[in-house]
Amino acid sequence: MSAPTATAQVTAEQTGRRVEEVLDRLAASGDPAVTAAAEELVRSLMDFYGAGLARILQLLSAAPGDPSARLLGDDLVASLLVLHDLHPEDRDTRIARALDTVREHALDVMDLDEPSGTLRVRARASGGCGCGSDADARQAAEAALACFAPEVRAVHVETAPVEPPLLQIGSAPTGAR
């Protein structure tokens with residue numbers, strides 16, 4: 001297996017799918033010993049990388065200033081920390097951070113249904129026609145949440161009710177009658 005180039009964008013979602021595909025191919029071979037060995041290899045590597053990431057966080061927390069802020073904002077690093085249950089931010093903070101990366105959709109969190117992993121958000125009125133923006137907002141939110149909050153498996157976007165404009169009714173100018 002070759003290492004990705006520095007310009008290739010590696011994501012947790014792509015990597016997870018690739019690992020599942022390889023494990024499925026090995027399971028399809030019909031040899032349970034090969035499947036068990038592959039799964040043990042993945043677990044061992046996860047433990048090793050998790051321990052390394054924990055050490056990095058420990059060393060960073062001892063450094064002057066706050067060097068961790070840039071790391072927590074990086075999609076790849078954040079997804080690794082979440083994967084290893086090392087991310088220092090709680091779930092709600094990670095969700096807010098993810099939605100902040102898709103500011104153009106102006107989404108407010110309503111609630112998370114934990115059993116299904118569905119996050120309900122409300123799209124704030126943006127003054128536009130609202131045509132086709134819910135699907136775009138949902139896709140953008142799901143992509144951002146995949147890195148920062150993988151426990152969110154689906155996003156349901158509700159459109160905020162648009163209040164009618166306030167009409168000012170005044171008296172007719174004097175002499176206009």
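Residues numbered from 1 in each chain as written. Predicted model: local features only at pLDDT ≥ 70, side-chain atom pairs only at ≥ 80, totals over all residues. Heavy atoms only, no water.

Once that is clear, we can look at the overall build of the protein chain. The number of helices and strands found in the protein chain is six helices and three strands. Listing each helix as α and each strand as β along the protein chain from the N terminus yields α-α-α-α-α-β-β-α-β. Counting all 177 residues of the protein chain, 23% fall into the buried class. Look at the contacts in the protein chain between residues 6 or more apart in sequence, and 58% of them connect residues 24 or more apart. Accessible surface for the protein chain amounts to roughly 12500 Å². Of this, 56% is attributable to carbon and sulfur atoms. (Helix = DSSP H or I, 4+ residues; strand = E, 2+ residues; numbered from the N terminus. Buried < 20%, exposed > 50% of the residue type's maximum accessible area, 1.4 Å probe, protein only. Contact = heavy atoms within 4.5 Å. Areas by Shrake-Rupley, 256 points an atom, 1.4 Å probe, with all protein chains shown as cover.)

With that settled, consider the packing of helix 1 (residues 12-28) against helix 2 (residues 32-62). Each pair of packed helices can be summarised by the angle the axes make with each other and by the distance between the axes. Relative to each other, helix 1 and helix 2 sit at 160°, their axes nearing to 8 Å. If you check the angle between helix 1 and helix 2, you find them roughly antiparallel. Both helix 1 and helix 2 take part in a crossing whose hand is right-handed. Along the contact surface, helix 1 presents Val19, Leu23, Leu26 and Ala27, while helix 2 presents Val34, Thr35, Ala38, Glu39 and Val42. (Axes fitted to C-alpha atoms, helices over the stretch in contact; angles between N-to-C directions. Parallel < 35°, antiparallel > 145°, perpendicular 65-115°, else oblique. Left-handed = near helix turned anticlockwise from the far one by under 90°.)

For the rest of this paragraph, the subject is the environment of Gln139. Relative to the assigned elements, Gln139 resides in helix 6 (residues 133-148). For Gln139, a relative accessible area of 47% translates into the label partly exposed. Remark: the alpha-carbon pair of Gln139 and Ala154, spanning 15 residues in sequence, is separated by 9.4 Å.

Burial along strand 2 (residues 118-123) is one-sided: the residues Leu119, Val121 and Ala123 are buried and none of Thr118, Arg120 and Arg122 is. Of the strand pairs in this sheet, strand 1 (residues 107-113) and strand 2 are connected by six bridges, and their pairing is antiparallel. Within strand 2, the residue paired with Val109 across the bridge is Val121. Where strand 1 folds back onto strand 2 in an antiparallel hairpin, the turn is made up of four residues, including Gly117, whose phi is positive at roughly 75°. Pairing of strand 2 with strand 3 (residues 154-159), which is carried by six bridges, proceeds in the parallel orientation. Across the sheet, the residue bridging to Arg122 is Glu158, located in strand 3. (Pairing = 2+ DSSP bridges.)

Attention now goes to helix 1. End to end, helix 1 covers 24 Å across 17 residues, agreeing with the expected 24 Å (1.5 Å per residue, within 8%). Looking one or two residues past helix 1, Gly30 carries a phi angle of roughly 90°, positive in sign. (Expected span 1.5 Å × (residues − 1).)

What the three strands build is an open sheet, ordered 1-2-3; its pairing is mixed. Each edge of the sheet is formed by a strand with only one pairing partner; in this case those strands are strand 1 and strand 3. Adjacent strand axes in the sheet meet at a mean angle of 25° when their direction is disregarded. Contacts from helix 5 (residues 91-100) reach strand 1 and strand 2, with the element oriented near 140° to strand 1.

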